Amino acid sequence: MTPTPTVEAVDYALSGAELGAWRLEDKLGEGAMGTVYRAHHRRTGQAAAVKVLKAEHARNPDLVRRFIAEAKAVNAIRNEHIVEVYDFGQEKTRDGASCAYCAMELLEGQPLSDVLAQHFTLARTAKLTAQLAGALHAAHQIGVVHRDVKPENMFLHRRGDDPEFLKVLDFGIAKLLKPIGDLPESATAAGVVIGTPEYMAPEQAMGEATDRRADVYAVGLVLYELITGVQPFRGDTFGKLLVEITSSPPPPLPDVTALGEPVHPVLKDIVMRCLEKAPAQRFQSAEELARALEPFATGTPVKPLPPVSPAPSASDRPKATSVIDTSAVRPSRAPMVVLALVALALALAAVALLRG
């Protein structure tokens, strides 16, 4: 089976070119930032997927630094459920253009987003989201917060007898909570909104500081979507979606899935705990979430959820900010009208009307 393209696209053809130790072959896919090529190591013959930054972005030093930082951060995590990075660097193409690239393991399968229209069994849902939570916990352990957890970045890789071994992709907008090697702690400007709107935690959508619990919230959104077939919060503009995310409770989960499976009350509790508006009321680690999901994936006895762990100290809580710069917002699956101060003003006014 030909691997499905999972990363982003480029504006020049490099099939047959060599970048570092890699000979590029056929193009696997395109996106907004770069292209992915099937490649082989010139000396060892190892297969890889090589992601090449788009030429116009390769001329931007800040974007190149972010691209290389992503490769270094992923390489530092070293978890089997996170795509493995083999190599990265910058080279000159045949016409002398600067070219930034990253060589990763070649995955066989498809992104979760390609099969969302299917009805998922609860065991399948729990297995995939438990693997996702475990991978995120490994990232959080070294201080990396993904900030863009969504079905497009969850790849169902065929490995051995397992046709759906989850791999987490695209740490391009990850936040570093502490230095990793020569990578400094992230310094995202206050009020900057970064992520995919439909999969943002409330604090993330408002441009507030985020930590690992924003990723926990996003796992809850994926869980909700796999169980129900729909997203809990929807809006045709960023302002409307912001009101939903920040002020509306998620619609209750059904008692029975589309496949006729009863939804266990504890599973409902898991999803709703993930989707708490206040970070201190969610699972305080992705590891806790993975443990809670495990019985539903393995068929072992289910226990009630323990109380939420003690809330973090005041210094760990997100601080409110007053300005939203939407220039860093990632594209969403559905076209979104993203406004800056106007959207925030409309959203706050809508909240006031709803509460009135």
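What this report covers is the structure whose coordinates are included nearby. (Residues numbered from 1 in each chain as written. Predicted model: local features only at pLDDT ≥ 70, side-chain atom pairs only at ≥ 80, totals over all residues. Heavy atoms only, no water.)

**Focus on the packing of helix α3 (residues 122-141) against helix α8 (residues 286-298)**
Axis separation between α3 and α8 bottoms out at 8 Å; the angle between their running directions is 160°. As the angle between them shows, α3 and α8 are arranged roughly antiparallel. The two elements α3 and α8 cross, and the hand of that crossing is left-handed. Packed against α3, whose contacting residues are L122, A123, A126, K127, T129, A130, A133, G134, L136, H137 and H140, the element α8 presents A286, E287, L289, A290, L293, E294, F296 and A297 at the interface. Here the contact of α3 with α8 is composed, by residue class, of 12 nonpolar, 4 polar and 3 charged. (Axes fitted to C-alpha atoms, helices over the stretch in contact; angles between N-to-C directions. Helix = DSSP H or I, 4+ residues; strand = E, 2+ residues; numbered from the N terminus. Parallel < 35°, antiparallel > 145°, perpendicular 65-115°, else oblique. Left-handed = near helix turned anticlockwise from the far one by under 90°. Contact = heavy atoms within 4.5 Å. Nonpolar A, V, L, I, M, F, W, Y, C, P; charged D, E, K, R; others polar.)

**Things to note about the packing of aromatic side chains**
With the rule as written, the count across this model stands at 1 aromatic pair. An angle of 15° between the planes, with centres 6.3 Å apart, marks the rings of W22 and Y86 as stacked. Taken as a pair, W22 in strand β2 (residues 22-30) and Y86 in strand β5 (residues 85-92) lie far apart in primary sequence, 64 residues in all. By relative accessible area, which is 2% here, W22 ends up buried. Accessibility expressed as a relative area gives 30% for Y86, which makes it partly exposed. Its guanidinium or amino end placed over the ring of F120, R124 lies 3.9 Å from that ring's centre, counting from NZ or CZ. Sitting over the ring of F165, R159 keeps its end group 3.7 Å from the ring centre. (Phe/Tyr/Trp six-rings, centres within 6.5 Å; stacked < 30°, edge-to-face > 60°. Buried < 20%, exposed > 50% of the residue type's maximum accessible area, 1.4 Å probe, protein only. Lys NZ or Arg CZ within 6 Å of the ring centre and 35° of its normal.)

**Quick notes on the pairing of strand β9 (residues 154-159)**
Pairing of strand β7 (residues 109-111) with β9 involves 3 bridges; the strand directions are antiparallel. Bridging from a neighbouring strand, Q110 pairs with L156 of β9. With 5 bridges joining them, β9 and strand β10 (residues 162-168) adopt antiparallel strand pairing. Bridged to L156 within β10 is L166. Between β9 and β10, which follow one another and run antiparallel, lie 2 residues, and G160 among them has a positive phi close to 60°. (Pairing = 2+ DSSP bridges.)

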